[in-house]
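The lines below spell out each chain.
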Amino acid sequence: MSYEPNRESVSRHPVPTWYQDAKFGIFIHWGLYSVPAWAPIAGDPMQIISQHGWLYFFRNNPYAEWYENSLRIEHSPTRLYHTIRHGVNFDYSDFAPLFREACRHWDPNEWADLFASVGARYVVFTAKHHDGFLLWPSSYPNPHRPDYRSERDLVGELARAVSTRGLRLGLYYSSGLDWTFNDRTILDISDIPQAIPDDEVYRTYVKRHWMELIDRYEPAILWSDIAYPPSGNVNELFAYYYNRIPDGVVNDRFNQSFEFTAAGLVKDNHYDFQTFEYLTPTDIIEHKWEMTRGFGYSFGYNRNEGPEHYLSTEQLVHLLVDVVSKNGNLLLNVGPMADGTIPPKQRERLLELGRWLQRYGEAIFATRPWVRFGSVTEDGVEVRFTTKESSLYVILLGSPHGCQVRLRGFLAAPNTSIVLLPSAQPLTFSQEADSVVIQIPSSQEHEPAYVLKVTPMLESLRTQ
């Protein structure tokens, strides 16, 4: 199919099967902000906004990658830290030579090996964040700071490393904010529209960068952030991308009005998938979506965060299962240190999630949601469902109490087979009125979640 530069044409683009099947990707925030690597520990970002509002959030921003904006806010914790640690005359741009030196030690193959080993299917890398620093040697340098980029082609090196291991590369690019073009301090959500550059120079700059990234690295995902210049022709970009890479996907942050309501950003442009940040929908969403968050409260590495701020292995597994049961993908963020080292506790948690996926990935990858995303066993254990072909996966988000699992509101067929993965040994079960009662072996190794494979699928006697 050939695409024309208009919304009607690009909206015909189907979400490719590979993205539907992928379920698990790795986000990477790495840049100048990885040198100071600092933000206050204010808590879960969405909870901060809900409880205290946007003014409090931006003053106490837990996102270390927003360091430059936080630094501009008078009396903010970041400005206080920066003044004490680096001095009043140390500009944010002075972190550039420190980052260039630090990333000389980076080995992209170590990242790619790790991400492949834990079962990730794709990687989304920050080519340019809001600070405007480029992680590739663009032919279109910043007109205000021509050398504001890495010396190494960090994007290209990672692209080669992940592709040789069968992973797809997505590229993040901050289309809506670039503080080298517009350094308006963002104190409230209402400041963002005024902070989005929309002059001809910036529109051309963004368009050329996206097209260069497409041509040079052939990304499987275009992951824009905040917005797209309001006067730009975003459908021209989409058509160019789809004609070059038919099975590529774009996220929903190419919006051009930046109209923010209680329900979130108004979607005013085409997208292949929705993005949710530190939030998970409460039910199945028919249109494909993706949930993204860090191990802790920041995307960029924050030296203040310790193990107590990170999701536990059990929480990570439960999050992934919940997201997949509702038709989503989990894009889990890794925040490397300036030299490319992945913090040990992030690496440890990632490997633990990978070990669970090695045993139970059959219930995650290439699955689809069922008629309902979840249930609760009679003794209170949360359950999530996924499907593949003729099988239903019943995923217990906790240990069964005793030696049986009672699922209320379900009917098993006479020829039903139920096994406890990863074993293929059939379990004994019975139909008691509207409940399926499954006998579980008494000696089970502790797991963050347990998976029952039911073939053929159960019949749901109620929707929730």
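Our structure's up above, just so we're on the same page.
Residues numbered from 1 in each chain as written. Predicted model: local features only at pLDDT ≥ 70, side-chain atom pairs only at ≥ 80, totals over all residues. Heavy atoms only, no water.

**Student:** Please clarify how the overall build of the protein should be interpreted in this entry.
**Tutor:** Along the backbone of the protein there are 14 helices and 20 strands. Taken over the C-alpha trace, the protein has a radius of gyration of 23 Å; the compact-globule value for 464 residues is 23 Å, and the two agree within 12%. Dimensions of the protein along its principal axes, counting C-alpha atoms only, are 70 × 55 × 45 Å. A burial count over the protein gives 59% of its 464 residues as buried. In the protein, once contacts between residues fewer than 6 apart in sequence are set aside, the share between residues at least 24 apart is 71%. Carbon and sulfur atoms provide 48% of the accessible area of the protein, an area that totals close to 18100 Å². Here the protein contributes 42 positive and 56 negative side-chain charges, whose respective centroids are spaced 2 Å apart. (Helix = DSSP H or I, 4+ residues; strand = E, 2+ residues; numbered from the N terminus. Rg over C-alpha atoms; globule rule 2.2 N^0.38 Å. Buried < 20%, exposed > 50% of the residue type's maximum accessible area, 1.4 Å probe, protein only. Contact = heavy atoms within 4.5 Å. Areas by Shrake-Rupley, 256 points an atom, 1.4 Å probe, with all protein chains shown as cover. Lys, Arg positive; Asp, Glu negative; His and termini not counted. Charge placed at Lys NZ, Arg CZ, Asp CG, Glu CD.)

**Student:** So what exactly am I meant to see when it comes to the sheet that holds strand β12 (residues 382–388) here?
**Tutor:** By definition, the strands of a sheet pair up through backbone hydrogen bonds, in either a parallel or an antiparallel sense. Spatially, the 5 strands line up as an open sheet ordered β11-β12-β13-β19-β16, and their pairing is antiparallel. Single-partner strands in this sheet number two, and they are β11 (374–376) and β16 (417–420). The sheet shows a mean angle of 25° between the axes of neighbouring strands, taken without regard to direction. Direction of pairing for strand β13 (residues 391–396) relative to strand β19 (residues 450–455): antiparallel, over a ladder of 5 bridges. (Pairing = 2+ DSSP bridges. Axes fitted to C-alpha atoms, helices over the stretch in contact; angles between N-to-C directions.)

**Student:** Sorry, what's going on with the nonpolar core here?
**Tutor:** Taken as a class, soluble globular proteins show a tendency for nonpolar side chains to be buried jointly. Counting residues in each nonpolar core, the largest one holds 98 residues, and the members touching the most others are Phe24, Phe115, Phe125 and Leu350. Considering each element in turn, this core owes the most residues, 8 residues, to helix α11 (residues 200–217). Among all residues touching phenylalanine 125, those that are not within four sequence positions of it are Ile28, Trp30, Trp111, Leu135, Leu154, Val155, Leu158, Leu169, Gly170, Leu171 and Tyr172. Within the second largest apolar cluster, 32 residues are counted, among which are Ile48, Ile186, Ile226 and Tyr278. (Core = buried A, V, L, I, M, F, W, Y, C linked by side-chain atoms within 4.5 Å.)

**Student:** How do you make sense of the environment of valine 201 when you look at a structure like this?
**Tutor:** By the element assignment, valine 201 lies in helix α11. Judged by its relative accessible area of 48%, valine 201 falls in the partly exposed class. C-alpha of valine 201 to C-alpha of phenylalanine 276: the two residues are 75 residues apart in sequence and 31 Å apart in space.

**Student:** I'm lost on the pattern of salt bridges in this one. Help?
**Tutor:** For the coordinates displayed, the defined rule picks out 26 salt bridges. The salt bridge involving glutamate 277 is made with arginine 253; its shortest N-O contact spans 3.0 Å. A residue pair is termed long-range when its members are at least 10 positions apart, and glutamate 277 in strand β8 (residues 274–277) and arginine 253 in the loop between β5 (249–250) and β6 (260–261) qualify at 24 residues. A single burial state applies to glutamate 277 and to arginine 253, both of which are buried. Aspartate 322 is the salt-bridge partner of arginine 384, the closest N and O atoms lying 2.7 Å from each other. In this pair, arginine 384 is assigned in strand β12 and aspartate 322 in helix α13 (residues 313–325), connecting sequence segments 62 residues apart. Of the two residues, arginine 384 and aspartate 322, both sit in the buried class. (Salt bridge = Lys/Arg side-chain N within 4 Å of Asp/Glu carboxyl O.)

**Student:** Can you walk me through the packing of aromatic side chains in this structure?
**Tutor:** For any pair of aromatic rings, geometry is given as the distance between the ring centres together with the angle between the planes. Scanning the entire structure with this criterion turns up 47 aromatic pairs. Aromatic side chains phenylalanine 27 and tyrosine 172 sit 6.0 Å apart centroid to centroid with 55° between the ring planes, which places their arrangement in the tilted category. Placement of phenylalanine 27 in strand β1 (residues 24–28) and of tyrosine 172 in strand β3 (residues 168–173) is noted, with a sequence separation of 145 residues between them. The exposure class of phenylalanine 27 is buried, given its relative accessible area of 2%. (Phe/Tyr/Trp six-rings, centres within 6.5 Å; stacked < 30°, edge-to-face > 60°.)

**Student:** I tried to follow the environment of glycine 409 on my own but got confused; where do I start?
**Tutor:** You can see glycine 409 is positioned in the loop between β14 (404–408) and β15 (410–411). Sequence-wise, glycine 409 and valine 155 are 254 residues apart; in three dimensions their C-alpha atoms are separated by 50 Å.

**Student:** Explain the sheet that holds β1 here, please?
**Tutor:** Across the sheet, which stays open at both edges, the 8 strands sit in the order β5-β4-β3-β2-β1-β10-β9-β8 with parallel pairing between neighbours. Either end of the sheet is taken by a strand with one partner, and the two such strands are β5 and β8. With 4 bridges joining them, β8 and strand β9 (residues 289–294) adopt parallel strand pairing. Of the residues in β9, the one forming a bridge with phenylalanine 276 is methionine 291. Its contacts with the sheet place α11 against β2 (122–128), β3 and β4 (221–224), and it is angled at close to 170° to β3. The strands touched by helix α14 (residues 344–360) within the sheet are β1 and β10 (328–334), with β10 carrying the most contacts at an inclination of about 150°.

**Student:** Hey, could you run me through the side chain of threonine 180 in this one?
**Tutor:** Summarising the element assignment, threonine 180 is placed in the loop between β3 and α10 (192–195). At a separation of 2.8 Å, a polar atom in the side chain of threonine 180 contacts the side chain of asparagine 142. In terms of polar contacts, threonine 180 uses its side chain to reach the side chain of aspartate 178, at 2.5 Å. Sequence-distant contacts of threonine 180, that is, excluding residues within four places in its chain, are made with Asp131, Gly132, Asn142, His144, Arg145 and Tyr148. (Polar contact = N/O pair within 3.5 Å; in protein donor to acceptor, adjacent residues only side chain to side chain.)

**Student:** Can you walk me through helix α6 (residues 77–85) in this structure?
**Tutor:** Every α-helix carries 3.6 residues per turn, so stepping three or four residues along brings you back to the same face. Within α6, the full set of buried residues consists of Thr78, Tyr81 and His82. All buried residues of α6 lie within an arc of 95° about the axis, which places them on one face of the element. Facing away from the buried side of α6, by more than 90 degrees, are the exposed residues Leu80 and Ile84. In this structure, the buried residues of α6 make contact with α5 (67–72) and α7 (95–102). At the exit of α6 stands glycine 87, carrying a positive phi of roughly 95°. (Arc of directions from axis to C-beta.)

**Student:** What exactly am I supposed to notice about helix α12 (residues 234–244) here?
**Tutor:** Taken residue by residue, α12 has Val234, Asn235, Leu237, Phe238, Ala239, Tyr241 and Tyr242 as its buried positions. On the buried face of α12, the contacting elements are α1 (7–10), α11, β4 and β5.

**Student:** Quick question: what am I supposed to make of the pairing of strand β17 (residues 429–432) here?
**Tutor:** The side chains of a regular strand alternate between both faces of the sheet. Pairing analysis gives 4 bridges linking β17 to strand β18 (residues 435–439), with the strands arranged antiparallel. In the strand pairing of β18, glutamate 432 is matched with serine 435. Adjacent in sequence and paired antiparallel, β17 and β18 are bridged by 2 residues, among which alanine 433 carries a positive phi angle near 55°.

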